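Structure assessment
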Amino acid sequence: MNAPNIDAVTPQSDGDVVSWLTHETRDERFIDNIFAELCLRLQGAGIPIKRATMNLLIQHPQWLGARIMWTDGKQEADISRVDYEVRERSEYIGSSVYEIQEGASEVRERLERAGGRKHALYDDMRAQGLTDYVAWPLLHTLGKRHVVTFATDRPGGFDDAHIASLKTVLPVLALVSEIRMKNRLARTLLETYVGTHAGEMILAGATRRGSGTTVRAAIMICDLRDFTRISDSWPRDDVIDLLNDYFDAMSEPIARHGGEILKFIGDGLLAIFPLSDPKACANLMHAVSEAREAMAALSERNGMMGRAPMNYGIGVHVGDVMYGNIGSRSRLDFTVIGPAVNMASRLEALTKQLKKNVLLSRAFADLVEHDFALEHVGEHAVRGFSEPIELFAYNG
């Protein structure tokens, strides 16, 4: 993200600011950059703002929202993420953002007046020498309400003309911010549901059935053992918690070491480590090691609650896969297919028969055996393949 060009920030009126916001921001991808430059231009139009924020609700699996804050003297805005639990905390309850989200059309606090409202937000601004503060809803389509705020240290606070000028900017700021948020939302949702690399390909236009590419990759398929028995005997909410904990234990090491999870299939997952990264196979092994540790800790925690240890199987192979869109005309899945994927799946199934948590094909083992201690478990028939496959177990 680039800082705004301060030399260009020389409008003479609030009309210039609105014109700039309407016509000259189309090539800027990031709303925080637009907001920082907006604040500088408002100052250039004679509006004495010293602090401004945008408080945005975002659709993200980990975060409720984001706060973009600009303060006087800065060319860039600061961004902080807001977790879902904030709604239970005193910093939010009774704040201007809380009031706006509850339906208020404006929150105004004259900070220099005696007897003002007591809240950590207002106390902090008084301590900074600010004299006036105003918050308004930033209205997006489908009833979505976000919040924008401005504060000043001008003696006497904002005058009526300042307030009128700021209100003039709000409708255009709402439109400009919604476009950027929807762009970011599309990327976030794709990253959440199909992974980072697949999401980038889809956004770049890989949306037709059959579109894709051939990728050489290490393939990892994991499955939870005895899940049918667990789902039949455990309470529903406990089963959901178990699955989420299990997927956290497996997924976080994969993501941390550069793998991409393409699919959750019931109690299983499919991930790839493209060999375009020279360390891909070693990264997969490190991910497996950390996942084993996380699963051991999870089983220990379950054992303290009187539950049986969690068993799982992981199959690993390497080869060429077709990476792209598969499905019907109107419903597509971005995934990998090919004999190499089938082999990884068969190896995962064999882990139960051979009583090994992790099985590796000879093709994959050849790429990592010098750096990792592997156990040779012989040749075994693999369903769907004519010749027995030489297999290795990994216990590290």
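Computed from a prediction, not measured in an experiment: that's the story for all the values here.

This paragraph deals with the overall build of the protein. Across its full length, the protein carries 11 helices and 14 strands. Relative to the compact-globule value of 21 Å for 396 residues, the protein shows a C-alpha radius of gyration of 27 Å, a clear excess of over 25%. The burial tally for the protein puts 45% of its 396 residues in the buried class. A separation threshold of at least 6 residues defines the contact pool for the protein, and within that pool the share at least 24 residues apart is 61%. Entry remark: accessible area of the protein is about 20,300 Å², with carbon and sulfur atoms responsible for 50%. Of the charged side chains in the protein, 44 are positive and 54 negative; the average position of the first set lies 4 Å away from that of the second.

Attention now goes to the nonpolar core. Of all hydrophobic cores here, the largest spans 41 residues; its most connected members are Tyr 246, Met 250, Leu 284, Ile 314 and Phe 364. Looking at this core, the element that brings in the most residues is helix α9 (residues 280-304), giving nine residues. When near neighbours in sequence (up to four residues on either side) are disregarded, Leu 284 contacts Ala 218, Met 220, Phe 273, Val 316 and Phe 364. In this structure, Trp 20, Ile 68, Leu 138 and Val 148 belong to the second largest nonpolar core, which totals 35 residues.

Below, the discussion takes up the pattern of salt bridges. Enumeration according to the criterion identifies 22 salt bridges in this entry. Here Asp 72 ties to Lys 50 by a salt bridge, and the two come within 2.8 Å at their closest N and O atoms. Highlighted residues: Asp 72 in the loop between β2 (63-71) and β3 (78-83) and Lys 50 in the loop between α2 (31-44) and β1 (51-57), separated in sequence by 22 residues. For Asp 72, a relative accessible area of 36% corresponds to the partly exposed category. For Lys 167, the salt bridge identified is with Glu 106, shortest N-O distance 3.6 Å. Of the two residues, Lys 167 sits in helix α5 (residues 160-194) while Glu 106 sits in the loop between α3 (96-101) and β4 (107-110), which places them 61 residues apart along the sequence. Residues joined in a network through salt bridges with shared partners are Glu 99, Glu 109, Arg 117, Asp 123 and Arg 126.

The next point concerns the packing of aromatic side chains. All told, the structure shown has six aromatic pairs when counted by the stated rule. Between Phe 372 and Tyr 394 the ring centres are 6.1 Å apart and the planes differ by 90°, which places this aromatic pair in the edge-to-face class. Of this pair, Phe 372 sits in the loop between α11 (362-368) and β13 (374-380) while Tyr 394 is found in strand β14 (residues 389-394), placing the two residues 22 residues apart along the sequence. A network of ring pairs unites the aromatic residues Tyr 246, Phe 247 and Phe 264 as a single cluster.

A separate point is the packing of helix α1 (residues 14-23) against α2. Relative orientation of the contacting elements α1 and α2 amounts to 160°, with a least axis distance of 10 Å. By the angle between their directions, the pair α1 and α2 is classed as roughly antiparallel. Regarding α1 and α2, the two cross each other, and that crossing is right-handed. Each of Val 17, Trp 20 and Leu 21 in α1 lies in contact with α2, whose residues at this interface are Ile 34, Glu 37, Leu 38, Arg 41 and Leu 42. By residue class, the composition of the contact of α1 with α2 is six nonpolar, no polar and two charged.

A separate point is the pairing of β2. Sheet analysis places β1 next to β2, joined by seven bridges and oriented antiparallel. Within β2, the position partnered with Arg 51 by the bridge is Thr 71. Hairpin connection from β2 to β3: six residues lie between these consecutive antiparallel strands, with Gly 73 at a positive phi of about 95°.

Within the sequence span of α1, burial applies to Val 17, Val 18, Trp 20 and Leu 21. Taken end-on, α1 shows its buried residues confined to a sector of 160°, consistent with a single buried face.

For the coordinates displayed, the defined rule picks out zero disulfides. The cysteine Cys 222 is free of any disulfide, with Cys 281 supplying the nearest cysteine sulfur at 18 Å. Overall, Cys 222 belongs to the buried group, its relative accessible area being 1%.

So, about the packing of helix α8 (residues 236-256) against α9. Packing of α8 against α9 leaves a shortest axis separation of 8 Å and a crossing angle of 160°. By the angle class used here, α8 and α9 are roughly antiparallel. The crossing of α8 and α9 is right-handed. On α9, the residues touching Leu 242, Asp 245, Tyr 246, Ala 249, Met 250, Pro 253, Ile 254 and Arg 256 of α8 are Ala 287, Glu 290, Ala 291, Ala 294, Met 295, Leu 298, Arg 301 and Asn 302. Residues belonging to the contact of α8 with α9 are distributed by class as follows: 11 nonpolar, one polar and four charged.

A contiguous patch of negative charge, built from Asp 241, Asp 245, Asp 248 and Glu 252, is present on the exposed surface. Its location among the elements puts Asp 245 in helix α8. Judged by relative accessible area, Asp 245 falls into the partly exposed class, the value being 32%.

Quick notes on the rules
- Along each chain, numbering runs from 1 in the same order as the chain's sequence is written.
- Whole-chain, interface and lining totals are the exception, using all residues; otherwise, since this is a predicted model, local features are given only for residues with pLDDT of at least 70 and side-chain atom pairs are given and counted only at 80 or more.
- Water and hydrogen atoms were dropped before computing side-chain values, which therefore reflect all heavy atoms in the structure.
- Numbering goes from the N terminus for both helices and strands, where a helix is a DSSP run of H or I of at least four residues and a strand is a run of E of at least two.
- We take the radius of gyration over the C-alpha atoms and set the globule estimate at 2.2 Å times the residue count to the 0.38 power.
- We call a residue buried when its accessible area falls under 20% of the maximum for its residue type, exposed when it is over 50%, and partly exposed in between, using a 1.4 Å probe and counting protein chains only.
- Residue contacts follow a heavy-atom distance rule, with two residues in contact if any of their heavy atoms lie within 4.5 Å.
- Where accessible areas are quoted, they stem from the Shrake-Rupley method and a 1.4 Å probe; at the residue level, only the protein chains shown are allowed to cover.
- Under this rule, positive means Lys or Arg and negative means Asp or Glu; His and the chain ends count for nothing.
- In this description, the location of a charge corresponds to atom NZ of lysine, CZ of arginine, CG of aspartate or CD of glutamate.
- We call a set of buried residues a nonpolar core when its members are Ala, Val, Leu, Ile, Met, Phe, Trp, Tyr or Cys and they connect through side-chain atoms within 4.5 Å of each other.
- What counts as a salt bridge is simple: a side-chain nitrogen of Lys or Arg found within 4 Å of a carboxyl oxygen of Asp or Glu.
- Here a pair means two rings of Phe, Tyr or Trp (six-membered ring of Trp) with centres within 6.5 Å. Their orientation is stacked below 30 degrees between planes, edge-to-face above 60, and tilted elsewhere.
- Lines fitted to the C-alpha atoms define the axes, with helices restricted to the stretch that makes contact. Angles between their N-to-C directions range from 0 to 180 degrees.
- Here the word oblique covers every angle except those under 35 degrees (roughly parallel), over 145 (roughly antiparallel) and from 65 to 115 (roughly perpendicular).
- Each crossing is labelled by how the near helix is turned from the far one, with a counterclockwise turn of less than a right angle marking it left-handed and a clockwise turn marking it right-handed.
- Following the grouping adopted for this structure description, the nonpolar residues are Ala, Val, Leu, Ile, Met, Phe, Trp, Tyr, Cys and Pro, the charged ones are Asp, Glu, Lys and Arg, and the polar ones are all others, Gly among them.
- For two strands to pair, DSSP has to find at least two bridges joining them.
- Along the arc lie the directions from the helix axis toward the C-beta atoms.
- The disulfide criterion used throughout: a pair of cysteine sulfur atoms within 2.5 Å.
- Patch membership requires more than 30% relative accessible area and the absence of a salt bridge. Residues of like charge join within 9 Å; the nonpolar side chains Val, Leu, Ile, Met, Phe, Trp and Tyr join within 5 Å.

Geometry only, nothing functional implied.
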